[in-house]
Amino acid sequence: MSRPRRQGPASGSAVPFLVLDENRLAWTGIQSLIDSDAAQLGFGRCVLIYGPSGCGKSHLCDVLVRELIDKSSRRCERLSAADFREIRGGWSDADPDSETSLRADEPLESAVWLRHLTQCDLVVVEDFHQLIRHPAAQQLFRALFDALRQSGTDLVVTSLQTPGDLKGLQSGIANRLRGGLCVGVKRPGPAARERLLAHFCSHLQIAIPQPILKAFAKQLAVSPRELLGSLLRFDEVVHQQRRMPDAELARAFLRQEILPAQITIEAVAKAVAREFGVRLSDMRSTSRDHVVAVPRQCAMYLARELTGEHLATIGKYFSGRSHSTVLHACSRIAEQIEEDAALRQQVVAVKRVLNVP
């Protein structure tokens, strides 16, 4: 039996944040910034949100920025760790423990950049953990932290780990961050995963029976982003096979999700799609949207490493891309995982799903 194709969002980007026991403290910390009135502004508060990749840290920042801009007309700026590596402003790597703050004779680029940020009501710095190998970028972050505190601008930082667990982080920065509110998010347990699946189905207009959602929640001990990826892929399978989402189809799908029979290009692509929370069909399409471009490049990289297939064969699977395109993707991801701890963790997570040590 077939069913009509749903009309609605194609991904999880439009799904509202769901408060769970695993993220409640982080949500409370974010709400304290959203609910601040004018009398509470100007204190330069800092909130650090830490936890595994895919557990909703960026989603929380989305909520915060949207609420402050749309409802309060406050000025917000959102940065990544890469911004600090690009705008070094003459900082030296030679003395990472120096307490030097921004000086009047620093190059104009960094001075103007910091001055602009201190005029905001909120600054968000995501993927802070990526700075641990870059002493010069850490110094710039420290200068920003001190400038924001002096100007009364609130700061939200996201990281995979707490300041004390980030090896290579300058002690002065760790102490500054620990002086603020540090809250963690965890991977959801079975009950939370069942709530998340129902939440995704409701907002993405996906009709899947509750017993199947319960089975998925029990057997897929993964992050919210991975859970969304699995849900989207199952819905895709349902439509491809033109049948109702029944228990038999769910069992077959879970067998493939949990224990792939062999490592093929498709097995790699499915695991990557689930980890990044995107549709397999989108990843295999000709789209160059960044949302699917990075997962596609990761899939090419892992397919080359794990399957032994020729570059041309891998390219053919991804909408007939050339072997040179695959080679470029592999080189790019190999470079990025050296610098990007979050991406490296996602690659490791995909390998774990595929039972690769």
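Residues numbered from 1 in each chain as written. Predicted model: local features only at pLDDT ≥ 70, side-chain atom pairs only at ≥ 80, totals over all residues. Heavy atoms only, no water.

1. Side note on the nonpolar core
Step number 1: Counting residues in hydrophobic clusters, the biggest one holds 35 residues, and the most contacted among them are Val272, Met283, Leu302, Phe318 and Leu354.
Step number 2: Within the residue set of this core, elements represented by two or more residues are helix H11 (265–276), helix H12 (280–283), helix H13 (290–307), helix H14 (311–317), helix H15 (323–339) and helix H16 (341–353).
Step number 3: Here the element with the most residues in this core is H13; it accounts for 9 residues.
Step number 4: If near-sequence neighbours (up to four positions away) are discounted, Val272 is found in contact with Met283, Pro295, Cys298, Ala299, Leu302 and Val350. (Core = buried A, V, L, I, M, F, W, Y, C linked by side-chain atoms within 4.5 Å. Buried < 20%, exposed > 50% of the residue type's maximum accessible area, 1.4 Å probe, protein only. Helix = DSSP H or I, 4+ residues; strand = E, 2+ residues; numbered from the N terminus. Contact = heavy atoms within 4.5 Å.)

2. Some words on the packing of H13 against H15
Geometry of a packed helix pair, given as the angle between the helix axes and the separation of the axes.
Step number 1: Direction vectors running N to C along H13 and H15 enclose 95°, while the axes themselves pass 8 Å from each other. Comparing the axis directions of H13 and H15 gives the class roughly perpendicular. Contacts between H13 and H15 involve Val294, Gln297, Cys298, Met300, Tyr301 and Arg304 on the former and, on the latter, Val326, Leu327, Ala329, Cys330, Arg332, Ile333, Ala334 and Ile337.
Step number 2: In terms of residue class, the contact of H13 with H15 is built from 11 nonpolar, 1 polar and 2 charged. (Axes fitted to C-alpha atoms, helices over the stretch in contact; angles between N-to-C directions. Parallel < 35°, antiparallel > 145°, perpendicular 65-115°, else oblique. Nonpolar A, V, L, I, M, F, W, Y, C, P; charged D, E, K, R; others polar.)

3. Side note on helix H9 (residues 224–241)
Step number 1: With 18 residues, H9 should cover 26 Å at 1.5 Å per step; its first-to-last C-alpha distance of 26 Å lies within 8% of that length.
Step number 2: Here H9 lies mainly inside the structure; 15 of its 18 residues are buried. (Expected span 1.5 Å × (residues − 1).)

4. Comments concerning the packing of aromatic side chains
For any pair of aromatic rings, the description consists of the separation of the ring centres together with the inter-plane angle of the planes.
Step number 1: Applying the stated criterion to the full structure yields 9 aromatic pairs.
Step number 2: Seen from their ring centres, Phe128 and Phe141 are 4.8 Å apart, and the 55° between their planes marks the pair as tilted. In this pair, Phe128 sits in the loop between strand S3 (122–126) and helix H5 (135–151) while Phe141 sits in helix H5, placing the two residues 13 residues apart along the sequence. Side by side, Phe128 and Phe141 carry an identical accessibility label, which is buried.
Step number 3: Centre to centre, the rings of Phe141 and Phe145 are 6.4 Å apart; their planes meet at 50°, and the pair counts as tilted. With Phe141 and Phe145 both in helix H5 and 4 residues apart, this pair spans about one turn of that helix.
Step number 4: Overall, the relative accessible area of 1% leaves Phe141 in the buried class.
Step number 5: Looking at Phe145, the relative accessible area reads 6%, which means it is buried.
Step number 6: Among the aromatic residues, ring-to-ring pairing joins Phe84, Trp113, Phe128, Phe141 and Phe145 into one connected group.
Step number 7: Above the plane of the ring of Tyr317 lies Arg284, whose end atom (NZ or CZ) is 3.6 Å from the centre. (Phe/Tyr/Trp six-rings, centres within 6.5 Å; stacked < 30°, edge-to-face > 60°. Lys NZ or Arg CZ within 6 Å of the ring centre and 35° of its normal.)

5. Section: the sheet that holds strand S5 (residues 181–184)
Step number 1: Here 5 strands make up an open sheet; going across it, the order is S2-S3-S4-S1-S5 and the pairing parallel. Pairing within the sheet leaves two strands with one partner each, and these edge strands are strand S2 (76–80) and S5. Shown here is a sheet whose adjacent strand axes are inclined to one another by a mean of 15°, direction ignored.
Step number 2: The pairing of S3 with strand S4 (residues 154–159) spans 4 bridges and is classified as parallel. Its bridge partner being in S4, Val124 is matched across the sheet by Val156. (Pairing = 2+ DSSP bridges.)

6. Side note on the pattern of salt bridges
Step number 1: Scanning the model with the defined rule gives 12 salt bridges in all.
Step number 2: Arg225 serves as the salt-bridge partner of Glu275, at 3.8 Å between the closest nitrogen and oxygen. With a gap of 50 residues between them, Glu275 in helix H11 and Arg225 in helix H9 connect regions that are remote in the sequence.
Step number 3: Among the residues examined, Glu275 registers a relative accessible area of 4% and is labelled buried. (Salt bridge = Lys/Arg side-chain N within 4 Å of Asp/Glu carboxyl O.)

7. Quick look at the confidence of the model for the protein
Step number 1: Averaged over every residue, the pLDDT of the protein is 83; residues scoring 70 or more account for 86%.
Step number 2: By mean pLDDT, helix H4 (residues 108–118) is the weakest element of the protein at 76, and helix H7 (residues 190–204) is the strongest at 94.
Step number 3: Here residues 1–13 scores under 50 on pLDDT; set against residues more than four positions off or in separate chains, the count is 28 contacts.
Step number 4: Across residues 89–108, where pLDDT falls below 50, the model places 31 contacts with residues more than four positions away in sequence or in other chains. (pLDDT = per-residue confidence, 0-100.)

8. Describing the environment of Lys270
Step number 1: Along the polypeptide, Lys270 turns up in helix H11.
Step number 2: Looking at Lys270, the relative accessible area reads 21%, which means it is partly exposed.
Step number 3: Put simply, Lys270 and Ser281 are 11 residues apart on the chain and 9.9 Å apart in space, counted from C-alpha to C-alpha.
Step number 4: Leave out the neighbours within four places in its chain, and Lys270 touches Arg233, Gln256 and Leu280.

9. A short note on unusual backbone geometry
Most peptide bonds are trans, and most residues other than glycine sit at a negative phi.
Step number 1: Phi is positive for Gln205, close to 60°, though the residue is something other than glycine.
Step number 2: You can see Gln205 is positioned in the loop between H7 and helix H8 (210–219).
Step number 3: If you check the backbone angles, Arg242 has positive phi at about 55° while not being a glycine.
Step number 4: The residue Arg242 is located in the loop between H9 and helix H10 (247–258) in this model.

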